[in-house]
Amino acid sequence: AARISGLSAVVGPTLQDLGGPGVARLEEQIDATLAIAGDRSLEEAGVVAALAPHATDTVSSGLWRRIADLASSHALPLHFHAAQSVDEYRRVMARQGTSPLGWLAREGWLQSTPQAFLVHLLYADRHDIEQLDPARTTLVYCPASQLQYNFPAPTSRWRALGRTWAIGTDCGACNDTMNLQAELRLASGPQFGVVQSPAYQAFWDGEPDVESVARERTDRLGQAQIDPVALLDSVLEGPGRHHPTLKVGAIRPGYRANLVAYDLTHPSFWPGTDVLRALALQDVSRAIRRMMQGGRWLSEDREHAATILGADWLVEAREEANVRL
């Protein structure tokens, strides 16, 4: 499907042997992974493989060892959930006597892969994160999923440790929306915590100190990852640089020519004073004029959109809004 549609993809069939729907299909899934990895026609189309053990509580020591050997012999990155729930943490602690990341670090299974994407990490403390090789691991934050099923990952603490991180959708948990722009908005700042702060609690209980609440908001905003360039990097060039055979995430010779052309005069970009901020935090999909996949334009300009955008009433409305701005 990715090849036919022209989409670039890193495909990791789920691997698990201790629990979950993939147990009965383990060998089939390993064969599928290696088949994708060895298919040069898929690679030329921008479709490559990753090894995808499901999570630390559904993959045994023997399977982890096997996956590590495959990662080394085929130069494949890993993608898996780690420390995503208290149940996972409890199971691994009971079986191995240490935390999920502590177990992986103790066995050294992440040292054989060119890159490992560790998703969620809600129950990973400072020591767990510090044990990870920063050059070999990317921490993945899925805001919408975590808000539904647990709590947001401590990304400000990851950044304080200088760790590489990326944003994902955990799409199965989010009705398969795959809307990265929506995730970027949720990742833009930790202001959700203002109403849980002691300053707001005091205000709620009748203390008329609104200045403390405002300072709490400002302090949290100062800790936020709201720089639009950094936010865009978390879904574009950042993840794009980590697969050894897939060149995406940058406009450079030899990279996949996957491009989008936007109409910056579209209302969804207004006021248009900061294009990168709009790309990171506004819903600008309706402003797409053309798309290129693998060096091939999918269509001509969207004539319907162009007709609407060229309507006299809209031109006049935009001009009037610009005057007010």
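Check the entry above for the structure.
Residues numbered from 1 in each chain as written. Predicted model: local features only at pLDDT ≥ 70, side-chain atom pairs only at ≥ 80, totals over all residues. Heavy atoms only, no water.

Enquirer: Looking at this model, I keep getting lost on the packing of helix α2 (residues 26–37) against helix α4 (residues 61–74). Mind explaining?
Expert: Any two packed helices are characterised by how steeply their axes cross, that is the angle between the axes, and by the distance between the axes. At a minimum axis distance of 12 Å, the contact between α2 and α4 shows a crossing angle of 10°. Compared by their axis directions, α2 and α4 come out roughly parallel. Pair α2 / α4 crosses with right-handed handedness. Here Leu 26, Glu 27, Ile 30 and Leu 34 of α2 lie close against α4, whose contacting residues are Leu 63, Arg 66, Leu 70 and His 74. (Axes fitted to C-alpha atoms, helices over the stretch in contact; angles between N-to-C directions. Helix = DSSP H or I, 4+ residues; strand = E, 2+ residues; numbered from the N terminus. Parallel < 35°, antiparallel > 145°, perpendicular 65-115°, else oblique. Left-handed = near helix turned anticlockwise from the far one by under 90°. Contact = heavy atoms within 4.5 Å.)

Enquirer: Would you take a moment to explain unusual backbone geometry for this structure?
Expert: With an omega dihedral of 10°, the bond running from Trp 270 to Pro 271 counts as a cis peptide bond. Following the sequence through the fold, Pro 271 ends up in the loop between β9 (259–262) and α15 (275–281). In this structure, Ala 75 is a non-glycine residue whose phi angle is positive, near 50°. By the element assignment, Ala 75 lies in the loop between α4 and β5 (78–82). Located in the positive-phi region is His 120, a residue other than glycine, with phi close to 90°.

Enquirer: Sorry if this is basic, but what is going on with the sheet that holds β9 here?
Expert: Within a beta sheet, neighbouring strands are joined by backbone hydrogen bonds and run either parallel or antiparallel to one another. The strand order across the open sheet formed by three strands is β9-β10-β11, and the pairing between neighbours is antiparallel. The strands lining the two open edges of the sheet, one partner per strand, are β9 and β11 (296–297). Pairing of strand β10 (residues 288–293) with β11, which is carried by two bridges, proceeds in the antiparallel orientation. Note that in β11 the partner of Met 292 across the bridge is Trp 297. (Pairing = 2+ DSSP bridges.)

Enquirer: Teacher, can you tell me more about the nonpolar core here?
Expert: Nonpolar side chains in soluble globular proteins tend to end up buried together. With 54 residues, the main nonpolar core has Leu 78, Phe 80, Leu 101 and Leu 121 as its most contacted residues. Tallying contributions element by element places α4 first for this core, with six residues. Each residue touching Leu 101, except ones within four places of it in the same chain, is listed here: Ala 82, Ala 83, Leu 118, Leu 121, Ala 124, Asp 128, Ile 129 and Leu 132. (Core = buried A, V, L, I, M, F, W, Y, C linked by side-chain atoms within 4.5 Å. Buried < 20%, exposed > 50% of the residue type's maximum accessible area, 1.4 Å probe, protein only.)

Enquirer: Which parts of the structure should I look at to understand the pattern of salt bridges?
Expert: Side-chain pairing between opposite charges can occur once the charged atoms of the two side chains come close. According to the stated counting rule, one finds 13 salt bridges in the structure shown. In this structure, Asp 233 engages Arg 241 in a salt bridge whose closest nitrogen and oxygen atoms are separated by 3.4 Å. Under the relative-accessibility criterion, Asp 233 is labelled partly exposed at 27%. Among the salt bridges present, the one from Asp 263 reaches Arg 289, with a minimum N-O distance of 3.4 Å. Of the two residues, Asp 263 sits in the loop between β9 and α15 while Arg 289 sits in strand β10, which places them 26 residues apart along the sequence. By relative accessible area, Asp 263 is classed as buried at 11%. Exposure remark for Arg 289: the relative accessible area of 19% places this residue in the buried category. (Salt bridge = Lys/Arg side-chain N within 4 Å of Asp/Glu carboxyl O.)

Enquirer: Which parts of the structure should I look at to understand the layout of surface pockets?
Expert: It is the rolling of a water-molecule-sized probe over the atoms that shows where space remains empty. Approximately 470 Å³ is the volume found for the second largest pocket. Looking at the second largest pocket, it is lined by 21 residues, and the ones nearest its centre are Ala 153, Pro 154, Thr 155, Ser 156 and Pro 190. Looking at the lining of the second largest pocket, the elements that each hand over two or more residues are α8 (143–149), α9 (155–160) and α10 (180–187). Here the residues of the lining of the second largest pocket sort into 12 nonpolar, six polar and three charged. (1 Å grid on protein atoms, 1.4 Å probe; cavity = no way out; pocket = protein on both sides within 12 Å on 5 of 7 lines; lining within 4 Å. Points joined across faces, edges and corners; volume = space filled by probe spheres on them. Nonpolar A, V, L, I, M, F, W, Y, C, P; charged D, E, K, R; others polar.)

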